[in-house]
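These are the residues of each chain, in order.
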Amino acid sequence: MASQKLATLYNELQRAFDARPSDLKKCGTLLAQLKVGLIEAGLLIPQGETNLHDLVVARDILEIGVFWSIRAKDVPSFDRYFSQLHTFYTDFRSSLPPSKREFAVRGLNLIRLLTQNRIADFHTTLESLPLPADEINTNPYIRHPVNLERWLMEGSYSKVWNAREEAPAEEYKFFVDSLMGTIRNEIASCEESAYDSLPLKDAATLLFFPSQSGLLVFAQQRGWQVDLTAGMITFAKKNDEQVEIPTQKLIAANLAYARELEQIV
Amino acid sequence: MPDAEMVKATDKKEDKKDDKKDEKKPESKPEPPTPTQEIKANIALIDRAINDLETRFTHRVLRSLTALRKRINDKVLRDAVEENYPKDSAVKNSLLSWLPPAPPAEQSMEVDTTSEANAAAPLSPPSKPTSDPVPEAEIYLRLLIIHHLHTSKDTYSKSIELSHETVDKMQSMNRRSMDPIAAKIWFAVERSYELGGELADARPMFLAAQRTASLRHDDDTQASLINRLLRGYLHYNLYDQADKLVSKTTFPASASNPQYARYHYFLGRIKAVQLNYTAAHTNLQQAIRRAPAAKTAPGFYQAVHKLFVIVELLMGDIPDRGLFRHPVLEKALSAYFDIVKAVRTGSLSEFQTTLNKHAAQFEADKTYTLIVRLRQNVIKTGIRRLSLSYSRISLRDICLKLHLDSEEDAEYIVGKAIRDGVIEGRIVHEKGWMECGSQKDGYGPEASEVFGRRIGYCLDLHNESVKAMRYPLNAHRKELAAAQDAREREKELAKEIQEGDLDDDEGLGDY
């Protein structure tokens, strides 16, 4: 009976999800019901003998869940759905037919790691992708985050800025805003160490601010000194003063050497 | 497969040592012992190890394992089992059941072997043992059989079966003196699974065994198992899990050098993927230092160096030119040498063509994604070179020299390089140029820190070698006895002198 109910709910969910614009609220409630159903059917974390068709349905539901969380701007929920999907993508890889949405989902996860500045995790995830290395550059869903990461690392921030419209799927755009926030902070920290001072106008272009007011708020947050009359931003210089000799450490090290020498001689 | 090759290497080394020993006394032993005799001698050594509670002998046996491995065949194993076990022992029959029955063709060969056996007769007395040797010997023989099963494709599944039975047996016996052999068994088990193509299936078993081993402080097995697990994870690119395993376990400090070398290599891999290049660099360096000499373990040596070169490049250093002239590495690293050249010149286009040219090899080495990351380093090295040679350079020139797309990009890139500490300098935006600051002098506290680290390393090395010295049990007693003797002799001497004095006195008295 449970499967019967699941099937109707699943169909309903698909309809609600495919409708344009999709009914987020309805999807949410349906997903919650479906998850309970999946747990009851032992499909959420599949164990033992399970029907292949059921697994595909379960995977579909979770994938919709991933996209729904992005559309509902709920990143923690995205995290949960993604880790649940992970079982389907890795452990059942050989038995299940490949999913169309798999790489879109994986790409989304990569972007998320990028926006949260978890570069190490990004690379670990990238490394464990079930793709041969040359396909990384051809798969549109994966190529996008990979390129973004490369430009971020190089410092070609303007390319990142220009690429924000080229997202391969609609859901990617959700992350663009937070990504821009990350970039801005990156650029700001670069400017702090690379410039003594900067004209307001140029700073606005460098930081991709369309107007000066946005820049002024941002400058206040970072604690920059803004001279409005001269139209200049001055960056507080970080300590250039004399480096102190670490006396304590040197004494400790020398005592340790003396002790060791005593043992040897 | 650095693992397998390395083992071979250590054994080769051992082989040489044996050869030398043989050369020393050519009259008494004109030819090296036959494998059967060697197995017999090894079993005697194991027996001695158990009786003397001295694992050193077991280790000695195991070191000769791979040299021996190449020389065994069905007959050798059968003979070894026959010779070392009494006629109707249950263990013998179970061991023999894993070997194919003696083919009739062997009868004709018997003629050759009997003469050989006769020649060797004085060395190995033909008397049959009356009781079973220690259980460790049985496991040792099983280990040999598993390795033998690896040599042919048809017996892979059989080797998995036997490994299972052996592991069960090992665990039910639960003898501490078996630990060193057990560690080798695990290696053989992994090999069985790998050859059978089911490496992932062995993971739960390894994990369970690792838990038990760490509870029993069984260092040999633990070290071996951690490496097995890491290798399995990395084989399937499961860096997350591998990292978690590393953070949740402690690698036993008493592990042998080859195990340490492997462990450091795996750690280096994980750290490199996680962008922690400094840690990766230290680990790989350790792996190189701990690994057996280049000639004896070329596979491992090459694999480590491939990764090492990439990590060094990622750190912004250029590896030594001499490294690529090393006879063992020259051929294997040629693709990497091209990459190094591209990075050194800081030319993105050259880098890209080299990358495309050698893509297949890099992918096989699992370094492709790491090398792709080098792109930013190509740029960084370019900027660094510029900053060293110019005191002031316009952004436009930077853009031209490094083949960047736009001046805007160049500004961001230089800004990032300054923040990341790649170069010292600043950008003057109004004038559109970069001013390069002076280089740091070498007299800061960093110098003393580096110096301190080196001293620490040397002291550690000294202490470790002192700790590693071995003294035979009760050897000091002999010295004590000798000292006692000397003292007694002294006393006697003194007495004699005294008596002599008396004699003299008497004599004097006479006169």
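On a predicted model such as this, the values are computed, not experimentally measured, just so you know.

**Let's talk about the side chain of Asp409(B)**
For step 1, the next point in the chain: Here Asp409(B) is to be found in helix H23 (residues 407–419).
For step 2, the next point in the chain: According to the relative accessible area criterion, Asp409(B) is buried, its value standing at 3%.
For step 3, the next point in the chain: A distance of 2.7 Å separates the side chain of Asp409(B) from the side chain of Ser158(A), its partner in a polar contact.
For step 4, the next point in the chain: Apart from residues no more than four positions distant in its own chain, Asp409(B) is found in contact with Gly155(A), Ser156(A), Tyr157(A), Ser158(A) and Lys159(A).

**Thoughts on the interface of chain B and chain A**
For step 1, the next point in the chain: If you look at the interface, chain B gives 37 residues, while chain A gives 46 residues.
For step 2, the next point in the chain: Here chain B packs against chain A, burying approximately 3700 Å² in sum over the two surfaces, 57% of which is carbon and sulfur.
For step 3, the next point in the chain: When the buried area of chain B at its contact with chain A is split by residue, Tyr412(B), Lys416(B) and Arg419(B) rank highest and sum to 19% of it.
For step 4, the next point in the chain: Glu186(A) is paired through a salt bridge with Arg419(B); the nearest N and O atoms lie 3.3 Å apart.
For step 5, the next point in the chain: There are nine residue pairs in polar contact (both at pLDDT 80 or more) connecting chain B and chain A.
For step 6, the next point in the chain: With nine residues, the top contributor of residues to the side of chain B that touches chain A is H23(B).
For step 7, the next point in the chain: Across the side of chain B that touches chain A, the residue classes break down as 13 nonpolar, 11 polar and 13 charged.

**Structural notes on the confidence of the model for chain B**
Residues and elements named next belong to chain B.
For step 1, the next point in the chain: The predicted model of chain B averages 76 in pLDDT, with 82% of residues at 70 or higher.
For step 2, the next point in the chain: Taken element by element, the predicted model of chain B shows its lowest mean pLDDT in helix H7 (residues 106–120) (40) and its highest in helix H14 (residues 257–273) (90).
For step 3, the next point in the chain: This model gives residues 105–127 a pLDDT under 50, and the stretch forms eight contacts once residues within four places in sequence are excluded.
For step 4, the next point in the chain: Note that pLDDT drops below 50 for residues 506–511; the model gives that stretch zero contacts with residues more than four away or on any other chain.

**What to know about empty space enclosed by the protein**
For step 1, the next point in the chain: This structure, assessed with the given rule, holds five cavities of 30 Å³ or more.
For step 2, the next point in the chain: Lining the largest cavity are 14 residues, and of these Leu126(A), Val146(A), Arg150(A), Thr369(B) and Val372(B) lie nearest its centre.
For step 3, the next point in the chain: Of all the secondary-structure elements, those providing two or more residues to the lining of the largest cavity are helix H6 (119–127) and helix H7 (140–154) of chain A together with helix H20 (368–372) and helix H21 (374–389) of chain B.
For step 4, the next point in the chain: Residue composition of the lining of the largest cavity, by class: six nonpolar, four polar and four charged.

**Remarks on the pairing of strand E3 (residues 433–436) of chain B**
All names here are of chain B.
For step 1, the next point in the chain: Burial of the side chains of E3 is restricted to one face: Met434 and Cys436 are buried, whereas none of Trp433 and Glu435 on the reverse face is.
For step 2, the next point in the chain: One ladder, built from four bridges, connects strand E2 (residues 425–428) with E3; its direction is antiparallel. In the strand pairing of E3, Ile427 is matched with Met434.
For step 3, the next point in the chain: Taking the residues between adjacent antiparallel strands as the criterion, E2 and E3 are bridged by four residues, where Gly432 takes a positive phi near 70°.

**What about the environment of Pro145(A)?**
Residues and elements named next belong to chain A.
For step 1, the next point in the chain: As for its position among the elements, Pro145 is in helix H7.
For step 2, the next point in the chain: Each C-alpha atom of the pair Pro145 and Ala167 lies 9.2 Å from the other, and the pair is 22 residues apart in sequence.
For step 3, the next point in the chain: Other than its neighbours up to four places away in sequence, Pro145 contacts Gly107, Leu110, Ile111, Leu114, Phe122 and Tyr172.

**Some words on the pattern of salt bridges**
Residue and element names in this part refer to chain B.
For step 1, the next point in the chain: Going through the model one piece at a time under the given rule, you end up with 16 salt bridges over all chains.
For step 2, the next point in the chain: The partner of Lys306 in a salt bridge is Asp365, with the nearest N and O atoms 3.4 Å apart. Of this pair, Lys306 sits in helix H16 (residues 298–314) while Asp365 sits in the loop between helix H19 (359–364) and H20, and the two are 59 residues apart along the sequence.
For step 3, the next point in the chain: A salt bridge links Glu464 to Lys467, with the shortest nitrogen-to-oxygen separation between them at 3.8 Å. With Glu464 and Lys467 both in helix H24 (residues 445–468), this residue pair falls three residues apart, about one helical turn.
For step 4, the next point in the chain: Overall, the relative accessible area of 47% leaves Glu464 in the partly exposed class.
For step 5, the next point in the chain: Assessed through its relative accessible area of 65%, Lys467 is described here as exposed.

**Re the packing of aromatic side chains**
For step 1, the next point in the chain: Counted under the stated rule, the structure contains 12 aromatic pairs over all chains.
For step 2, the next point in the chain: Note on Phe251(B) and Tyr260(B): the rings are 5.0 Å apart at their centroids and 65° apart in plane angle, and the pair reads as edge-to-face. Comparing Phe251(B) with Tyr260(B) shows no difference in burial state: the two are buried.
For step 3, the next point in the chain: Geometrically, the ring pair formed by Phe324(B) and Phe337(B) is tilted, given 5.0 Å between the ring centres and 40° between the ring planes. You can see Phe324(B) sitting in the loop between H16 and helix H17 (334–345) and its partner Phe337(B) sitting in helix H17, a full 13 residues away along the chain. Accessibility assignment for this pair places Phe324(B) and Phe337(B) in one class, buried.
For step 4, the next point in the chain: Within the aromatic cluster, the residues linked to one another by ring pairs are Tyr157(A), Phe208(A) and Tyr412(B).
For step 5, the next point in the chain: Above the ring of Tyr457(B), the side-chain terminus of Arg289(B) is found at 5.2 Å from the ring centroid.
For step 6, the next point in the chain: Directly above the aromatic system of Tyr260(B) lies the positively charged group of Arg290(B), at a separation of 4.2 Å from the ring centroid.

What counts as what
- Residues numbered from 1 in each chain as written.
- Chains lettered and ligands numbered in written order.
- Predicted model: local features only at pLDDT ≥ 70, side-chain atom pairs only at ≥ 80, totals over all residues.
- Heavy atoms only, no water.
- Helix = DSSP H or I, 4+ residues; strand = E, 2+ residues; numbered from the N terminus.
- Buried < 20%, exposed > 50% of the residue type's maximum accessible area, 1.4 Å probe, protein only.
- Polar contact = N/O pair within 3.5 Å; in protein donor to acceptor, adjacent residues only side chain to side chain.
- Contact = heavy atoms within 4.5 Å.
- Buried area = accessible area lost by both parts, 1.4 Å probe.
- Salt bridge = Lys/Arg side-chain N within 4 Å of Asp/Glu carboxyl O.
- Nonpolar A, V, L, I, M, F, W, Y, C, P; charged D, E, K, R; others polar.
- pLDDT = per-residue confidence, 0-100.
- 1 Å grid on protein atoms, 1.4 Å probe; cavity = no way out; pocket = protein on both sides within 12 Å on 5 of 7 lines; lining within 4 Å.
- Points joined across faces, edges and corners; volume = space filled by probe spheres on them.
- Pairing = 2+ DSSP bridges.
- Phe/Tyr/Trp six-rings, centres within 6.5 Å; stacked < 30°, edge-to-face > 60°.
- Lys NZ or Arg CZ within 6 Å of the ring centre and 35° of its normal.

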